[in-house]
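Residue-level structural notes
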Amino acid sequence: MQSLSAVNSRVQSRLAVKAKAPRAMRAQRMVVRAAADKAQVLSDVRGIIAEQLGTDLDKVAAESKFVDLGADSLDTVEIMMALEEKFDIQLDEEGAEKISTVQEAADLIAAQIK
């Protein structure tokens, strides 16, 4: 059995190794991961919208408005329901009404799943 001081020494050496990574590098990794997550959310949102509207994924750009993609109010409701199901979230009616572009939908979802 190891003595308490030996265990303490091992723990401190492990912490020292972790602390050597500069804070900026750790923050940079978090930012990259957050950016990747947002990019993935946008990609998933685009795919769902393209599928719901029966259109090519290439036509569903981040700045595309649902109306410009040919979505009527029923399509928009179905898109919101599909997004809620995919991301396991609840979009309140007020928030959903403010969404007019693909990017706005992705941003709202990314904020809820953090």
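Residues numbered from 1 in each chain as written. Predicted model: local features only at pLDDT ≥ 70, side-chain atom pairs only at ≥ 80, totals over all residues. Heavy atoms only, no water.

Looking at an unreviewed UniProt entry, one finds the protein named Acyl carrier protein, with Chlorella vulgaris as its source organism. Checking UniProt for the protein, the heading Function (unreviewed entry) contains the comment "Carrier of the growing fatty acid chain in fatty acid biosynthesis." (UniProt positions renumbered as here; feature names shortened; annotations may be inferred.)

**A word on the environment of G70**
Among the secondary structure elements, G70 is positioned in the loop between α2 (23-53) and α3 (73-87). With a relative accessible area of 53%, G70 lands in the exposed category. Distance in space between the C-alpha atoms of G70 and T55 is 9.4 Å, their sequence separation being 15 residues. (Helix = DSSP H or I, 4+ residues; strand = E, 2+ residues; numbered from the N terminus. Buried < 20%, exposed > 50% of the residue type's maximum accessible area, 1.4 Å probe, protein only.)

**A closer look at a nonpolar patch on the surface**
A surface patch of nonpolar side chains, amounting to about 300 Å² of accessible area, comprises L74, V77 and M81. Here L74 shows up in helix α3. Residue classification places L74 among the exposed residues on the basis of a relative accessible area of 53%. (Patch = residues over 30% accessible without salt bridge, like charges linked within 9 Å, V, L, I, M, F, W, Y side chains within 5 Å. Areas by Shrake-Rupley, 256 points an atom, 1.4 Å probe, with all protein chains shown as cover. Salt bridge = Lys/Arg side-chain N within 4 Å of Asp/Glu carboxyl O.)

**So, helix α5 (residues 102-113)**
Its 12 residues give α5 an end-to-end C-alpha distance of 17 Å, which sits within 8% of 16 Å, the value for a rise of 1.5 Å per residue. Of the positions making up α5, those classed as buried are V102, A105, A106, I109 and A110. Relative to the axis of α5, the buried residues are bounded by an arc of 130° and lie together on one face. (Expected span 1.5 Å × (residues − 1). Arc of directions from axis to C-beta.)

**Thoughts on the side chain of S64**
Mapped onto the secondary structure, S64 falls in the loop between α2 and α3. Each residue touching S64, except ones within four places of it in the same chain, is listed here: K59, L69, S100, T101 and V102. (Contact = heavy atoms within 4.5 Å.)

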